[in-house]
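Structural overview for review
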Amino acid sequence: MTIFLRYQSPVADAKGRFVGVFGLVNTLAKQGRLTAEQERFRRANNDWYDAAYTDPSTVDPTVYDEDLHPGAAAWFKVDAAHLLDRVDGYLDILAAHAVPCVRVESADPGRVVYEDEHQIIVVPHQPVSG
């Protein structure tokens, strides 16, 4: 049985979504709350992730379409250890700003709408309110 991992807010946002670790850190950046060192980390590692694995929306532009795939969210495959290794730095940033983030594991996180060797994008089993 394959297990999938996701790091996300433990609390749903106004649209009923559980924002992932990258979205949480990127939100802090947009709000201007990161230190210079945290911003350097974020930028360098976001660039690394962009180069290291496929952005699903470049393969299927509808993957995050709210009408077709409400609440679609990305999950890591557990064997993508080289991608998971860098998550700790993002978690450190969130902890420094008292932004909670939890690790969620599931063998069946939802209806798969995209898959590659490192990740899946799923529509959660529980409908996301809109």
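As the structure is a computational prediction, the values presented were derived from the model and not from experiment.

**Section: the packing of aromatic side chains**
The final tally for this structure, using the stated rule, is seven aromatic pairs. Judged by centre distance (4.9 Å) and plane angle (90°), the ring pair of phenylalanine 22 and tyrosine 90 falls under edge-to-face. Of the two residues, phenylalanine 22 is situated in helix α1 (residues 21-30) and tyrosine 90 in helix α5 (residues 87-96); the sequence distance between them amounts to 68 residues. A relative accessible area of 19% places phenylalanine 22 in the buried class. Among the aromatic residues, those joined into a cluster by ring pairs are Phe22, Phe41, Trp48, Tyr49, Tyr53, Phe76 and Tyr90. A cation sits over an aromatic face here: arginine 86 above tryptophan 48, 3.8 Å from the ring centre.

**Looking at the side chain of arginine 6**
The residue arginine 6 is located in strand β1 (residues 4-8) in this model. Although arginine 6 is buried, it forms no salt bridge, and the closest oppositely charged side chain is aspartate 13 at an N-O distance of 8.8 Å. Contact partners of arginine 6, with chain neighbours within four places excluded, come to Phe18, Val19, Gly20, Ala73, Ala74, Trp75, Val102, Arg103 and Val104.

**Digging into α1**
Among all positions of α1, only Val21, Phe22, Leu24, Val25, Leu28 and Ala29 are buried. One face of α1 carries all of its buried residues, which in axial projection span an arc of 165°. In this structure, the buried residues of α1 make contact with β1, α2 (36-52), β2 (73-77) and α5. Of the residues flanking the end of α1, it is glycine 32, one or two places downstream, whose phi is positive at about 70°.

**A closer look at the pairing of β1**
Counting buried positions along β1 gives five out of five residues, so the element sits mostly inside the fold. Side chains Phe4, Arg6 and Gln8 of β1 all project onto a buried face; the interleaved residues Leu5 and Tyr7 project onto the opposite face, where all are buried too. In this sheet, β2 lies alongside β1 in antiparallel orientation, the contact comprising two bridges. Residue leucine 5 lies in a different strand from β2, and its bridge partner there is phenylalanine 76. Relative to strand β3 (residues 102-106), β1 is paired through five bridges, and the arrangement is antiparallel.

**What about the environment of glycine 89?**
Along the chain, glycine 89 turns up in helix α5. On the basis of relative accessibility, which here comes to 18%, the residue glycine 89 falls in the buried class. Note: C-alpha distance between glycine 89 and lysine 30 (59 residues apart in sequence) is 18 Å.

**Description of the layout of surface pockets**
Quantified by volume, the largest pocket comes out at close to 640 Å³. If you go around the largest pocket, you meet 23 residues; those closest to its centre are Phe22, Gly23, Tyr53, Tyr64 and Ala74. Every element with two or more residues in the lining of the largest pocket is listed here: β1, α1, α2, α3 (56-59) and β2. Among the residues forming the lining of the largest pocket, the class breakdown is 13 nonpolar, seven polar and three charged.

Rules used in this analysis
- Residues numbered from 1 in each chain as written.
- Predicted model: local features only at pLDDT ≥ 70, side-chain atom pairs only at ≥ 80, totals over all residues.
- Heavy atoms only, no water.
- Phe/Tyr/Trp six-rings, centres within 6.5 Å; stacked < 30°, edge-to-face > 60°.
- Helix = DSSP H or I, 4+ residues; strand = E, 2+ residues; numbered from the N terminus.
- Buried < 20%, exposed > 50% of the residue type's maximum accessible area, 1.4 Å probe, protein only.
- Lys NZ or Arg CZ within 6 Å of the ring centre and 35° of its normal.
- Lys, Arg positive; Asp, Glu negative; His and termini not counted.
- Salt bridge = Lys/Arg side-chain N within 4 Å of Asp/Glu carboxyl O.
- Contact = heavy atoms within 4.5 Å.
- Arc of directions from axis to C-beta.
- Pairing = 2+ DSSP bridges.
- 1 Å grid on protein atoms, 1.4 Å probe; cavity = no way out; pocket = protein on both sides within 12 Å on 5 of 7 lines; lining within 4 Å.
- Points joined across faces, edges and corners; volume = space filled by probe spheres on them.
- Nonpolar A, V, L, I, M, F, W, Y, C, P; charged D, E, K, R; others polar.

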